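Structural characterization, general
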Amino acid sequence: MNEAIRSKALVIRNVLLFDGGGEPPVPADVAIAGEYITATGSPGSLAGEHIIEGHGLALAPGFIDVHTHDDRALLMPGMMTAKLSQGVTTVITGNCGLSLAPARMANVPAPLDLIATPEWLRFPHFSDYLAELTSSGIAVNAACMVGHTTLRASVMGDSLDRSASEDECSRMRDLLEESLAAGAFGFSTGTFYPPARAATIDEIVAVAEPLARYGAFYATHMRNEAEAVLDSLDETYEIGRRLGVRVLISHHKLAGVKNHGRSWETLASIKAARARQPVSLDCYPYNASSTTLNPAFIARAAKVLVSWSTPYPQLAGRLLAEIAAEWDVSDEEAAQRLMPAGAIYFMMDEDDVQRILAFPPTMIGSDGMPHDNHPHPRLWSTFPRVLGHYSRELALFPLHTAVNKMSGLPATELGIDRRGRIAAGYYADMVLFNPQTVQDSATFAQPCTRAEGIEKVWVNGHLAWDDGEIRHQSAGQVIHR
């Protein structure tokens, strides 16, 4: 054995090792020194200066949350408790077209206000944002994308109800190029939302032209996840082909009762597209979505929970139907009174959720809103829910497959170097958990509840979570493309 390993390493002894590659686990010891994993071996084969007894608990790569809105939360002390407490060591930010940088706007259009207040849009260059993440210190690793809506608002001001001109596309493209050169990890759109709905395929391709040169990918909250979902998938594939880059379909779902069961169609489409071009997808393990409150969406949902309201903050966590009954108005009129507001919509079919989760290429993303007064429980419980409810209890897939979907698979698909696996030479991002007890605890009534069964979490070799507390507030690194 290498003497440096013997004398300096921390050894986690006698664990059930899930290496993140999708293979069944094996009993093992794991050694780390500094930021890196230095060796794995059979139980009792590794020695080091410090020993942690694993007692047969599971050791897996730290989970990669491929769809977050943690852009601002990363800079707020303690906010990463929601992620570290469920074993997440890397977050991908800037999703759905929303990022804090590069921002040069007077007003904050919805839904950018989900992550930003005016004082937080203080980063005119993406390099400014990455520099503050680095200088402030972050609790988990962050790979940060540029949001198309942020670019549109910065270049087009309040004229967002039209497609961009050639000159505006050029200015947005320059901002994206500058951001990619500074280390931005990719580019996202949210054509579902009004500020980007008027954007054409040609606009998106014109703006995103630099992606291929930087080996970056394109992520999208598609234009439609309901009746026109197949058309939106085709649009997504076309953008990827024209750009020559990987596309990531964000939080794939079928919204609305009329579309229940259509995952058979969408997954067949995605499978066929993957045979032609690089296509990835993620989802969250719940049959309810969370976004801004919109009266037009109410009829599609079995029920609607208000997550926040600016004029009526005291009504967060209440069902819209109950509020409407108290006010003696329709659900739609109640929604108008509550706006601006957020909502959780129960509009998906559980069979579709399970079918999408079980689809082999599907990765896991929480899509949690850390600044909601009453967030969706996925913010705190996505990853333990996959391990406990869907893998152990429902046997939707074996535990090693669940771990792979949350570690090795996203690292490989999205190009996250030397993460997502437990192997010599990889960063020591790891989670020690009890496979018999790990489970989600957050509920729609009590959404900010820590998961059970997560024992310890390491980020870049630092013990970042232990005994129910953050142990290192700045263990994370900015991951540059």
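Every value quoted in this text rests on a predicted model; they were computed, and no experiment measured them. (Residues numbered from 1 in each chain as written. Predicted model: local features only at pLDDT ≥ 70, side-chain atom pairs only at ≥ 80, totals over all residues. Heavy atoms only, no water.)

Brief notes about the overall build of the protein
Quick reminder of the rule: A run of H or I in DSSP becomes a helix once it reaches four residues, and a run of E becomes a strand once it reaches two; helices and strands are each numbered from the N terminus. Our radius of gyration looks at C-alpha atoms and nothing else; its globule reference is 2.2 Å times the residue count to the power 0.38. Burial classes: relative accessible area under 20% of the type maximum marks a residue as buried, over 50% as exposed, and values in between as partly exposed (1.4 Å probe, protein chains only). Whether two residues are in contact is decided by their heavy atoms, any of which lying within 4.5 Å being enough.
Of regular secondary structure, the protein possesses 16 helices and 20 strands. Computed over C-alpha atoms, the radius of gyration of the protein comes to 22 Å, within 12% of the 23 Å expected from 2.2 N^0.38 for 481 residues, which places it in the range of a compact globule. Dimensions along the principal axes, computed over C-alpha positions, put the protein at roughly 65 × 50 × 45 Å. Taking all 481 residues of the protein together, 60% fall into the buried category. Of the contacts made within the protein by residues no fewer than 6 positions apart, 75% connect residues no fewer than 24 positions apart.

Topic: the environment of proline 377
Topologically, proline 377 is positioned in the loop between strand 16 (362-364) and helix 14 (378-393). Under the relative-accessibility criterion, proline 377 is labelled buried at 1%. Sequence separation between proline 377 and alanine 131 is 246 residues, and the spatial gap between their C-alpha atoms is 31 Å. With residues near it in sequence (within four places) discarded, proline 377 still touches Tyr286, Ala442, Thr443, Phe444 and Pro447.

Description of the packing of helix 10 (residues 263-274) against helix 13 (residues 350-358)
What counts here: For helices, the fitted axis covers only the stretch in contact; all axes are lines through C-alpha atoms, and the angles between them, taken along N-to-C directions, range from 0 to 180 degrees. Here the angle decides the label: under 35 degrees means roughly parallel, over 145 means roughly antiparallel, 65 to 115 means roughly perpendicular, and every other value means oblique. Each crossing gets its handedness from the near helix: less than a right angle anticlockwise from the far helix is left-handed, clockwise is right-handed. Any residue outside Ala, Val, Leu, Ile, Met, Phe, Trp, Tyr, Cys, Pro, Asp, Glu, Lys and Arg is labelled polar, Gly included; the first ten of those are nonpolar and the last four are charged.
At a closest axis distance of 10 Å, the pairing of helix 10 and helix 13 adopts a crossing angle of 20 degrees. By the angle class used here, helix 10 and helix 13 are roughly parallel. Seen along the crossing, helix 10 lies across helix 13 with a hand that is right-handed. For the pair formed by helix 10 and helix 13, the contact residues are Ser263, Trp264 and Leu267 on the first element and Asp352, Arg355 and Ile356 on the second. Per-class residue counts for the contact of helix 10 with helix 13 are three nonpolar, one polar and two charged.

Observations concerning the confidence of the model for the protein
Segments scoring low in pLDDT should not have their predicted coordinates read at a detailed level. Definition in use: The quantity known as pLDDT measures the predictor's confidence residue by residue, on a range of 0 to 100.
Overall, the predicted model of the protein reaches an average pLDDT of 96, with 98% of residues at or above 70. With pLDDT under 50 throughout, residues 1-7 is counted as low confidence; its partners more than four residues away or in other chains account for 14 contacts.

Concerning the sheet that holds strand 14 (residues 303-309)
For clarity, the threshold we go by: DSSP-based pairing: two strands are paired if at least 2 bridges between them are found.
The strand order across the open sheet built from three strands is 13-15-14, with neighbouring strands paired in antiparallel fashion. Two strands close off the open sheet at either side, each with one partner strand: strand 13 (289-292) and strand 14. Averaged over all neighbouring strand pairs, the angle between strand axes comes to 25 degrees, with direction disregarded. Note that strand 14 and strand 15 (residues 341-346) share six bridges and pair antiparallel. Note on strand 15: the bridge partner recorded for serine 309 is alanine 341.

Some words on the side chain of histidine 376
Locating histidine 376 in the fold gives a position in the loop between strand 16 and helix 14. A relative accessible area of 1% places histidine 376 in the buried class. Ignoring sequence-local partners within four residues, the contact set of histidine 376 consists of Tyr286, Ala288, Ser289, Ser290, Ile344, Phe444 and Pro447.

Structural notes on unusual backbone geometry
Alanine 110 connects to proline 111 through a cis peptide bond whose omega is 10 degrees. Within the secondary structure, proline 111 is located in the loop between strand 7 (88-93) and helix 3 (126-136). Looking along the chain, the bond that leaves methionine 339 and enters proline 340 is cis, with omega of 0 degrees. Along the chain, proline 340 falls in the loop between helix 12 (331-338) and strand 15. Of note, the phi angle at alanine 395 is positive, near 55 degrees, even though the residue is not glycine. Among the structural elements, alanine 395 can be located in the loop between helix 14 and helix 15 (399-405). The backbone phi angle of arginine 418 is positive, close to 55 degrees, even though this residue is not glycine. By secondary structure assignment, the location of arginine 418 is in the loop between helix 16 (408-414) and strand 17 (430-433).

Quick notes on helix 11 (residues 320-327)
Basically, it comes down to this: Throughout, the arc means that of the directions going from the helix axis to the C-beta atoms.
The complete set of buried residues in helix 11 reads Leu320, Ile323 and Ala324. On an axial view of helix 11, the arc spanned by its buried residues comes to 100 degrees, and they lie on one face. What points out from helix 11, more than 90 degrees from its buried face, is the exposed set Ala325 and Glu326. In the core, the buried residues of helix 11 are packed alongside strand 14 and helix 12. Positive backbone phi, at 60 degrees, marks aspartate 328, one or two positions downstream of helix 11.

What to know about the side chain of aspartate 367
Rule in force here: In the analysis that follows, any N or O atom pair within 3.5 Å is treated as a polar contact, provided that within protein one partner can donate a hydrogen and the other can accept it, and provided that, for residues neighboring in sequence, both atoms belong to side chains.
Looking at the secondary structure, you find aspartate 367 in the loop between strand 16 and helix 14. Within polar-contact distance, the side chain of aspartate 367 engages the side chain of histidine 69 at 3.0 Å. Filtering out sequence-adjacent residues up to four positions away, aspartate 367 remains in contact with His67, His69, His251, Tyr284 and Arg378.

Some words on the nonpolar core
Condition: For the purposes of this section, nonpolar cores are sets of buried Ala, Val, Leu, Ile, Met, Phe, Trp, Tyr and Cys residues that join through side-chain atoms within 4.5 Å.
Within the largest apolar cluster, 123 residues are counted, with the highest numbers of intra-cluster contacts made by Tyr129, Phe187, Leu211 and Phe433. Ignoring anything within four residues of it in the chain, the contact list for leucine 211 reads Leu176, Leu180, Gly186, Phe187, Ala216, Phe217, Tyr218, Leu243 and Val245. Grouped together as the second largest cluster of nonpolar side chains are 16 residues, Ile12, Val30, Ala428 and Met430 included.

Considerations on the packing of aromatic side chains
Rules: For this analysis, a ring pair means two rings from Phe, Tyr or Trp (six-membered ring only for Trp) whose centres lie within 6.5 Å, classed as stacked if their planes differ by under 30 degrees, edge-to-face if by over 60, and tilted for the remaining angles. A positively charged side chain is recorded as over a ring if its NZ (Lys) or CZ (Arg) lies within 6 Å of the ring centre. The angle to the ring normal must also be within 35 degrees.
Summed over all chains, the structure comprises 13 aromatic pairs. Measuring from ring centre to ring centre gives 5.9 Å for phenylalanine 63 and phenylalanine 383, while their planes differ by 5 degrees; the resulting arrangement is stacked. In this pair, phenylalanine 63 sits in strand 6 (residues 63-65) while phenylalanine 383 sits in helix 14, placing the two residues 320 residues apart along the sequence. Overall, phenylalanine 63 belongs to the buried group, its relative accessible area being 0%. Ring geometry for phenylalanine 185 against phenylalanine 217: centres 6.0 Å apart, planes inclined by 80 degrees, an arrangement best described as edge-to-face. With phenylalanine 185 in the loop between helix 5 (166-182) and strand 9 (186-190) and phenylalanine 217 in strand 10 (residues 217-221), this residue pair connects regions lying 32 residues apart in the sequence. An aromatic cluster is defined as three or more aromatic residues linked by ring pairs; in this entry it consists of Phe192, Tyr193, Phe297 and Tyr345. Here the basic side chain of arginine 122 rests over the ring of tryptophan 120, its NZ or CZ set 4.5 Å away from the ring centre. Cation over ring: arginine 481 sits above phenylalanine 185, and NZ or CZ is 4.0 Å from the ring centre.

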